[in-house]
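These are the residues of each chain, in order.
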Amino acid sequence: MTGRGFEWRSFVRTWQAVLAVWLAYALVRIAIQPLLGWEPVGPDDWTRLLQVRAWLDGQAFWDVTQYRMNPPEGFSMHWSRLVDLPLAALMLLFGESAALVLVPLLWLLPALFALRAIMLRLDFPPLAFAFGLLIMPLFPMLPGNFAPMRIDHHAPQAVLALVCAALLIRDSRWSAVACGLCAAAWVVISLEGLPLVAVLAGLYGVRYWFGERTLLPWFLGALAIAAAALAYGTRGPLDTAYCDVLLPGHLLTFAAAALIAAIIPFLPWQDRVQGRLLALGAMGLVCLQLVSALLGPCATNPMAELDPVLQEWWHGKIAEGLPIWEQAPSVALTLVWTIGIIVAGWWRAHCRGLFHQGRALPCTLLFLFALAAGGYSLLVMREGVVAQLLAIPFAALLMAEFLPKARAIASPAPRIVATLAAVGMTTPLFASALFAPLDDYVSRDGVPPDAENFTQQWGCDYGALADLPPGLVMAPFDGGLEILGKTDHTIMAASYHRNQRPMVDLLLAMTGSVDEAEAIVREYGIDYVAICGSASDVAFYRTASPDNFANALVSDEPPAWLEPALTFSHSSLRIYRVVR
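Worth saying up front: this structure is predicted, and the values here are computed from it rather than measured.

### Quick notes on the sheet that holds strand β1 (residues 472-474)
Thought 1: As summarised here, the arrangement of the 5 strands in space is β2-β1-β3-β5-β4, forming an open sheet in which the pairing is mixed. Strands at the two margins of the open sheet, each flanked by one partner only, are β2 (490-491) and β4 (562-566).
Thought 2: Across 4 bridges, the pairing between β4 and strand β5 (residues 573-578) is antiparallel. Counted as the bridge partner of Leu566 is Ile575 from β5.

Okay, here's the thing in structure tokens:
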């Protein structure tokens, strides 16, 4: 009697395959992490860590104010505690370092299970199924968001979007309820997800139009109830002074939409396609009018009241929030390529008849949702993370079609070229890499290319300030957060838009004259001024004027009212003490 060999075609469809892929990815990421460092990756990662530390040290659950920024008032924050919960739990169980490693990796696990659910629902062929679990690292925006130390809120948002997509294409009312719950968590974490949640509602409306009358009310009802519960449960009484979180107007609109969706199946002519379409159109118009009446300016632009100084020197230079026409060529091509993968994958699947036998509607719903995310990424670049996750099933289908054909070529050289072409055409990786050399020759984020001429060579470790007695530090936005994370100092300002006056004053000091900077330093009672000459934001500040404060700080010829507090070799860090 002979044993059967390993049946990989059956295995790739199992939950064990998901765990195996996740474990392999996690082990590789942890193995290379010593080369990358064991600190939070960016400013938002530092701030997330600071927020959780403060909570575990006794700050109230509903209070996410950062009191070490601009003390004693602190910085008002719009971040939700939902993202803090897994990080805080693992910090209590395993310690801070382990939590920073594990939390981003754990977010990948539900993403892989959602991909598996999508591919099971659409009955992917075994090879496409395998590629769907394996090719995530070939999408440039994804690996960094599921890497150790990356604890900001972008990965959770993208995962929730992917889970919503997996639930959208299922037919049960419980899937619609679960989709509403996930959509609610998504918009509570970040209001930026609201346009795509509206698309979800529209796609459930499409299902109603096609005769599935029960799913739309269940989705909207779950969304309305869960959004209210999560918004009030994680933030307490909602602060209506700002437009950057869910407001009572949003919640009332969700509730009204759910109520209308529950009523319209009982209206006349709902047994006809035209009657259902008319009811859905009327529902949409009512909700739009309600949003406009209840939210006013907050309905369209949460940043409408941003100070012009912040727009010029800060918000208008944050690449992840900018549209495609202000991106570097490699990033712009990545965004467009992702949309191309979605369109080509859906079209090839349609042409090959893969989605017959009741799978045409779920495939089309997935396609429309992914296409909406891709379109949104052209306006807000960081939404490319969502688009690329949703593009994976379509890329897997394309790769399963073309890669075997490339590998079947007998001659070695053409086979290699065809294999690279198959991978390059079905993922954005090569397109991004090929255009990367052009990035240095164009304006990026509104920053002129010659700003790099102001960038010094050596790196900086703001942890050196820990050797100084605690005080109030003026430092550029990004560096200030590292100072908070590594020392007991407080800082003047950081890059969080609700707190415009100290942010504006910091930018005016850095880009203005030495005398203007001194007046601001004296007004705030600054103890230390710290700056890193190799930081990109500092290089940008230096372009404002040859004799501005930022240039004076990095020139080693500071004004008389500053004296060196610490000196370094092989470092671009400058730390000065304010002379009283």
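### Overview of the pattern of salt bridges
Thought 1: Throughout the structure, instances matching the rule amount to 21 salt bridges.
Thought 2: Arg48 serves as the salt-bridge partner of Asp84, at 2.7 Å between the closest nitrogen and oxygen. One end of the pair, Asp84, is in helix α4 (residues 84-94); the other, Arg48, is in helix α3 (residues 43-56), and 36 residues separate them in sequence. Taken individually, Asp84 and Arg48 each receive the classification buried, so the pair is uniform in this respect.

### Observations concerning unusual backbone geometry
Thought 1: In this structure, the amide linkage connecting Pro71 to the following residue, Pro72, adopts the cis form with an omega of 0 degrees.
Thought 2: Among the secondary structure elements, Pro72 is positioned in the loop between α3 and α4.
Thought 3: Backbone geometry at Asn70 places phi at a positive 50 degrees, although glycine is not the residue there.
Thought 4: By secondary structure assignment, the location of Asn70 is in the loop between α3 and α4.
Thought 5: Positive phi, close to 55 degrees, is recorded for Asp123, a residue that is not glycine.

### With respect to the packing of helix α8 (residues 173-189) against helix α10 (residues 215-235)
Thought 1: At their nearest, the axes of α8 and α10 sit 7 Å apart, and the two run at 35 degrees to each other. When the axes of α8 and α10 are compared, the crossing they make is right-handed. Taken together, the residues of α10 that come into contact with α8 (itself represented by Arg173, Ala176, Val177, Cys179, Gly180, Leu181, Ala183, Ala184, Ala185 and Val188) are Leu215, Trp218, Phe219, Ala222, Leu223, Ala226, Ala227, Leu230, Ala231, Thr234 and Arg235.
Thought 2: Residue composition of the contact of α8 with α10, grouped by class: 17 nonpolar, 2 polar and 2 charged.

### Describing the environment of Cys243
Thought 1: Relative to the assigned elements, Cys243 resides in the loop between α10 and α11 (248-263).
Thought 2: Residue Cys243 is classed as buried on the basis of its relative accessible area of 19%.
Thought 3: Along the backbone, Cys243 and Pro86 are 157 residues apart, and their C-alpha atoms lie at a distance of 26 Å.

The rules behind each value
- Residues numbered from 1 in each chain as written.
- Predicted model: local features only at pLDDT ≥ 70, side-chain atom pairs only at ≥ 80, totals over all residues.
- Heavy atoms only, no water.
- Pairing = 2+ DSSP bridges.
- Helix = DSSP H or I, 4+ residues; strand = E, 2+ residues; numbered from the N terminus.
- Salt bridge = Lys/Arg side-chain N within 4 Å of Asp/Glu carboxyl O.
- Buried < 20%, exposed > 50% of the residue type's maximum accessible area, 1.4 Å probe, protein only.
- Axes fitted to C-alpha atoms, helices over the stretch in contact; angles between N-to-C directions.
- Left-handed = near helix turned anticlockwise from the far one by under 90°.
- Contact = heavy atoms within 4.5 Å.
- Nonpolar A, V, L, I, M, F, W, Y, C, P; charged D, E, K, R; others polar.

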